[in-house]
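# Close look at the chain arrangement
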Amino acid sequence: MPLPSTTTTSYGEFNSSSSIRTPSFSRSESALSDAISIDIQDDTTSSFTPLLHHHQPHQHFNNMAGQNHKYSVLLPTYNERENLPVIIWLLAKTFQENNIDYEIIVIDDNSPDGTLEVAKQLQKIYGESRILLRPRAGKLGLGTAYVHGIQHATGDFIFIMDADMSHHPKFMPEMIQLQQSKNLDIVTGTRYAGNGGVYGWDLKRKVISRGANFLASVLLRPGVSDLTGSFRLYKKEVLSQLIASCISKGYVFQMEMMVRARQFNYSIGEVPITFVDRVFGDSKMGAMEIVSYAQGLFKLFVAV
Amino acid sequence: MTRATQAATFFGITATIYLALLFQWLPITLPKTVQDFTLPVLPWWALVSFGAYSLGNIGYHVLTFRDCPEAYNELQVQISQAQSDLRSKGVSI
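Residues numbered from 1 in each chain as written. Chains lettered and ligands numbered in written order. Predicted model: local features only at pLDDT ≥ 70, side-chain atom pairs only at ≥ 80, totals over all residues. Heavy atoms only, no water.

Selection rule: UniProt positions are given in the numbering used here, feature names are shortened, and annotations may be inferred rather than shown by experiment.
You'll find chain B entered in an unreviewed UniProt entry as Dolichol-phosphate mannosyltransferase subunit 3, with Dissophora globulifera given as the organism. In its Sequence similarities (unreviewed entry) section, the UniProt record describing chain B reads: "Belongs to the DPM3 family."

If you check an unreviewed UniProt entry, chain A appears there as Dolichol-phosphate mannosyltransferase subunit 1 from Dissophora globulifera. Per its UniProt entry, chain A bears the Subunit (unreviewed entry) comment "Component of the dolichol-phosphate mannose (DPM) synthase complex." The Subcellular location (unreviewed entry) comment attached to chain A in UniProt states, word for word, "Endoplasmic reticulum".

### Things to note about the environment of A:Leu220
Put simply, the test is: Strands here mean DSSP runs of E at least two residues long; helices mean DSSP runs of H or I at least four residues long; both are numbered from the N terminus. Working definition: with a 1.4 Å probe on protein chains only, accessible area under 20% of the residue-type maximum means buried, over 50% means exposed, and in between means partly exposed. Contacts: residue pairs with any heavy atoms within 4.5 Å of one another.
Structurally, the position occupied by A:Leu220 is in helix α6 (residues 203-220). For A:Leu220, a relative accessible area of 0% corresponds to the buried category. Not counting the four nearest positions on each side in its chain, A:Leu220 is found in contact with A:Leu227, A:Met255, A:Val259, A:Arg262, A:Leu297, A:Leu300, A:Phe301 and B:Arg3.

### Regarding the sheet that holds strand β2 (residues 101-108) of chain A
Residue and element names in this part refer to chain A. Quick reminder of the rule: Pairing between two strands is assigned when DSSP locates at least 2 bridges connecting them. To obtain each axis, a line is fitted to C-alpha atoms, and for helices this fit is confined to the stretch in contact; angles are then taken between N-to-C directions over 0 to 180 degrees.
As summarised here, the arrangement of the seven strands in space is β3-β2-β1-β4-β7-β5-β8, forming an open sheet in which the pairing is mixed. Every interior strand has two partners, whereas the edge strands, β3 (131-133) and β8 (268-272), have only one. In this sheet, neighbouring strand axes are inclined to one another by 20 degrees on average, regardless of whether the strands run parallel or antiparallel. Pairing analysis gives five bridges linking strand β5 (residues 186-190) to β8, with the strands arranged parallel. By the bridge assignment, Val187 is partnered in β8 with Gly269. Contacts from helix α3 (residues 115-126) reach β1 (70-77), β2 and β3, with the element oriented near 145 degrees to β3.

### Notes on the confidence of the model for chain A
Short version of the rule: Here pLDDT means the predictor's own confidence in every residue, given as a number from 0 to 100.
The predicted model of chain A averages 80 in pLDDT, with 76% of residues at 70 or higher. Under a pLDDT of 50 for its full length, residues 1-63 of chain A has, in the predicted model, 171 contacts with residues more than four places off or in other chains.

Here is the structure:
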């Protein structure tokens, strides 16, 4: 399936979305940093828990800091020269401020705009243990980009997101916290619930988005509100298994991941996110995208 | 069972029951008004109801769609911070 944006393409979500609200983040973030600062001290005295130990539900954000988990962020890029430095800066800032162990895996599909050159400069700043460059020879698709990235990932959790800044790293601590509190297999960002929201869409876009999502929810009954979103946190082995069982491409791929997850009885949580339509570069959605979306949806309806 | 199979099963069973009632294949006597007036239009009523529900659902969610200008503004500020910080560290952006 063709990718949503034609000129400066990122592997996007179906840029049709719907109603979302603002994040009430000022409050929760301050609560978060309070909890963290307390916890760092707590954890200096506590012993190490094994890597695969899953935490029991907590009432606080208390194992955000000092935890033993490592988070690998997969960033498939194609012509993201302008976006990549900023998104990596934001990621590093978020992870450092929350004391989260991380690595960023940049999977560049031989972008003609020199994305890889910029990525190399960033690697010099942040270090080779934080930024891993795993380029590929050409545009080979989103599913294989994730497979490629996972092979090199050393974290036990994987974040997938768009590199075009439509997904903001500030939501990651909350996604991690939700994952840990319920030991979830998947946490997905949703633009359609709670304080979620979208910026930069006109009425037509909103109608298409809501219509597409309604159609998908009626046909597939997936149990999650944002099927086509692509800002998600997975347990590494869960992501591997889902990718291995998925057959679709493009944003239908993101839908299929959720539908298959339900099929395998994985637990899924949702965190409201704001989605700011790409700042640099074009984001196009034409009739072709709608047609291929409908085709992909129908295939899933029949297959899963 | 795929979603398509589930849907086909549901519609198959519903249609069978409906047709059996409509053509009086079963030894059940429905009130005359139901038999003569309600049953013939029931599928259309269901179709229109579903359409109305769909439009209502989509319309409601489009109307309550919240733009998030504050997220955009925050991002703009952070983009310029990031760019100046990274430029000072020698990244060519």
